[in-house]
Amino acid sequence: MKALVYHGPGRKVWGNVPKPEIVDATDAIVRVDSVTICGTDLHILKGDVPAVTDGRILGHEAVGTVESVGSGVRNVAVGDRVLVSCITACGACRYCRAGSYGQCIGGGGWILGHRIDGTQADYVRVPFADTSTYPVPAGVTDEQLLMMADILPTGYEVGVLNGNVGPGDVVAIVGAGPIGLSAMMGARLYSPAHVVAIDLADSRLEAAKGFGADIVINNGREDALAIVRDLTDGLGADVAVEAVGVPATFELATQLVRPGGHVANIGVHGQPATLHLEDLWIRNVTIRTGLVDTSSTPTLLRLAQGHQIDPGRFITHRFDLDQFDEAYDIFARAGDTGALKVVLARV
Ligand SMILES: NC(=O)c1ccc[n+]([C@@H]2O[C@H](COP(=O)([O-])OP(=O)(O)OC[C@H]3O[C@@H](n4cnc5c(N)ncnc54)[C@H](O)[C@@H]3O)[C@@H](O)[C@H]2O)c1
Ligand SMILES: [Zn+2]
Ligand SMILES: [Zn+2]
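The following refers to the structure shown.

## A short note on the overall build of the protein chain
- Within the protein chain one finds 13 helices and 15 strands.
- Taking 347 residues into account, the globule formula puts the C-alpha radius of gyration at 20 Å, and the protein chain, at 20 Å, falls close to it.
- Relative to its full complement of 347 residues, the protein chain shows a buried share of 55%.
- Counting contacts in the protein chain only where the partners sit at least 6 residues apart, residues at least 24 apart contribute 69% of the total.
- Carbon and sulfur atoms make up 50% of the accessible area of the protein chain, which amounts to about 14,400 Å² in all.
- Considering the protein chain, the positive charge centre built from 27 side chains and the negative charge centre built from 39 side chains are found 3 Å apart.

Okay, here's the thing in structure tokens:
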């Protein structure tokens, strides 16, 4: 079969590799029908995620068709169409029993395209298939579903739920990439007073207007703190979401939040950020971090089925399953190409 194989920083090859086989009784082999690329895949290609080693097949998001199952798989059958989630869940460990699948200590968590071979391939081995896949529901397209493998639950769980967004809130979201946009889409479900999008790229701010932001700020030339304070009688945002992953944006989020408010950090950080406790200690601020659990996937599926959210909005570019070079190129140059999410589908 063909797969996109990582060969160290900056090197990836779409080439022939052995087809995966069932290893554990709880495995399924899934034929990949459509797949996408994540900003995290770009981090990996930059060498930012050293756990990903030479020879690893990339990718942690897919919709596919079950080709075979191990003897211990109960709920997933050959021929079923499924969403393969970015988070694998053993279903039995302490964290899985609490719905914190991202923290799974029973062999799951974020493993696909990270610690084991991933989804950017003709076929993928999915461990713990019963608890790590979702059946394709009626009335939701593969493209819409693919957005539920990672970005939508991430924005919703780590941004909106951790940020405790409520009716009437002013929600400031720093970073309007796919993750920040997902947080905007999710925040709108709670009827906030304002959703403020903050980014350096005008193209991303333009996109933000379509995802629920009613105020957009280019913090390359505008003073985000002053604008948010003006909007909130000098107090600051009820919720500040960080969706970039650099020290400056984390520090901005902690400045934007009002006393008693919530900061929700989504960004993956590779560098230390300064926590200004000398300013923050007196402000009753809650700061939360998180890796997505994808425990909200069933909720998001129902919202899509009920037309309360349109996950298809993220898709800006479409490719055939063997066009990974082209798709990565477009996705990596998002500033120029306007890419939000790209989909590669079997024709
Ligand atoms: N916590 C999790 O479970 C989880 C899951 C998936 C992704 N992530 C992380 O979320 C972050 C966002 O992901 P994405 O795919 O949307 O990334 P992206 O690179 O597409 O978007 C980031 C946006 O931030 C903007 N930006 C950069 N510097 C800025 C600054 N100083 N001020 C304001 N805006 C700035 C960029 O213009 C861009 O639009 C990444 O760090 C990613 O790794 C976290
Ligand atoms: Zn991802
Ligand atoms: Zn577990």
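## Here's the deal with the coordination of the zinc ion (ligand 2)
- Those protein atoms acting as donors to the zinc ion (ligand 2) are Cys-38 (SG), His-60 (NE2) and Asp-150 (OD), and they sit at 1.7 to 2.2 Å.
- Mapping the donors of the zinc ion (ligand 2) onto the primary sequence yields the spacing C-x21-H-x89-D. Of this pair, His-60 sits in the loop between helix 1 (39-45) and strand 4 (62-69) while Asp-150 sits in the loop between helix 4 (142-146) and helix 5 (151-161); the two residues are 90 residues apart in sequence, bridging distant segments of the chain.
- Residue His-60 is classed as buried on the basis of its relative accessible area of 2%.

## A short note on the sheet that holds strand 12 (residues 257-265)
- Here six strands make up an open sheet; going across it, the order is 10-9-8-11-12-13 and the pairing parallel. Edge strands, defined here as strands with exactly one partner in the open sheet, are strand 10 (215-218) and strand 13 (286-288). Between one strand and the next, the sheet's axes are offset by a mean angle of 15°, whatever the strand orientation.
- In this structure, strand 12 lies alongside strand 13, joined through three bridges in parallel fashion. Bridging from a neighbouring strand, Val-263 pairs with Ile-287 of strand 13.
- Running at roughly 175° to strand 10, helix 7 (residues 202-209) makes contact with strand 9 (194-199) and strand 10 of the sheet.

## Some details on the coordination of the zinc ion (ligand 3)
- Taken together, the protein donors to the zinc ion (ligand 3) comprise Cys-90 (SG), Cys-93 (SG), Cys-96 (SG) and Cys-104 (SG), at separations of 2.3 to 2.4 Å.
- In this structure, the zinc ion (ligand 3) is coordinated by four donor atoms arranged in tetrahedral fashion, with angles at the metal of 102 to 116°.
- Along the chain, the residues donating to the zinc ion (ligand 3) fall in the pattern C-x2-C-x2-C-x7-C. Taken together, the residues span a long stretch of sequence, with Cys-90 in the loop between strand 5 (81-84) and helix 2 (94-97) and Cys-104 in the loop between helix 2 and strand 6 (123-126) at a distance of 14 residues.
- On the basis of relative accessibility, which here comes to 15%, the residue Cys-90 falls in the buried class.
- Owing to a relative accessible area of 9%, Cys-104 belongs among the buried residues under this scheme.

## So, the pattern of salt bridges
- Inspection of every chain in the model, using the stated rule, returns 17 salt bridges.
- Note that Glu-67 and Lys-19 form a salt bridge whose closest N and O atoms lie 3.1 Å from each other. Residue Glu-67 is located in strand 4, and its partner Lys-19 is located in the loop between strand 2 (12-16) and strand 3 (28-36); the two are separated by 48 residues in the primary sequence.
- Salt-bridge contacts for Asp-329 lead to Arg-333; the nearest nitrogen and oxygen are separated by 3.1 Å.
- Among the residues examined, Asp-329 registers a relative accessible area of 38% and is labelled partly exposed.
- We classify Arg-333 as partly exposed; its relative accessible area is 36%.
- Look at the salt bridges and you will find they share partners, linking Arg-31, Asp-33, Arg-81, Asp-122, Asp-142 and Arg-346 into a network.

## Focus on helix 7
- For helix 7, every residue scored as buried is listed here: Arg-204, Leu-205, Ala-207 and Ala-208. For helix 7, the angular spread of buried residues about the axis comes to 155°, placing them on one side.
- Buried residues belonging to helix 7 abut helix 6 (178-188), strand 9, strand 10 and helix 13 (334-337).

## Remarks on the pairing of strand 10
- Of the pairings in the sheet, the one linking strand 9 to strand 10 comprises four bridges and is parallel in character. Looking across to strand 10, one finds that Ile-198 is bridged to Ile-217.

## With respect to the environment of Val-174
- Summarising the element assignment, Val-174 is placed in strand 8 (residues 170-174).
- On the basis of relative accessible area, Val-174 is assigned to the buried category, the value being 2%.

## Examining the pairing of strand 6
- Both faces of strand 6 are covered, namely the face carrying Tyr-123 and Arg-125 and the face carrying Val-124 and Val-126.
- Pairing of strand 3 with strand 6, which is carried by four bridges, proceeds in the antiparallel orientation. Across the sheet, Arg-31 pairs through a bridge with Tyr-123, a residue of strand 6.

Basis of the calculations
Residues numbered from 1 in each chain as written. Chains lettered and ligands numbered in written order. Predicted model: local features only at pLDDT ≥ 70, side-chain atom pairs only at ≥ 80, totals over all residues. Heavy atoms only, no water. Helix = DSSP H or I, 4+ residues; strand = E, 2+ residues; numbered from the N terminus. Rg over C-alpha atoms; globule rule 2.2 N^0.38 Å. Buried < 20%, exposed > 50% of the residue type's maximum accessible area, 1.4 Å probe, protein only. Contact = heavy atoms within 4.5 Å. Areas by Shrake-Rupley, 256 points an atom, 1.4 Å probe, with all protein chains shown as cover. Lys, Arg positive; Asp, Glu negative; His and termini not counted. Charge placed at Lys NZ, Arg CZ, Asp CG, Glu CD. Donors = N, O, S within 2.8 Å, 3.2 Å for Na, K, Ca; no water. Pairing = 2+ DSSP bridges. Axes fitted to C-alpha atoms, helices over the stretch in contact; angles between N-to-C directions. Tetrahedral: all angles 85-135°; square planar, octahedral: opposite > 155°, others 65-115°. Salt bridge = Lys/Arg side-chain N within 4 Å of Asp/Glu carboxyl O. Arc of directions from axis to C-beta.

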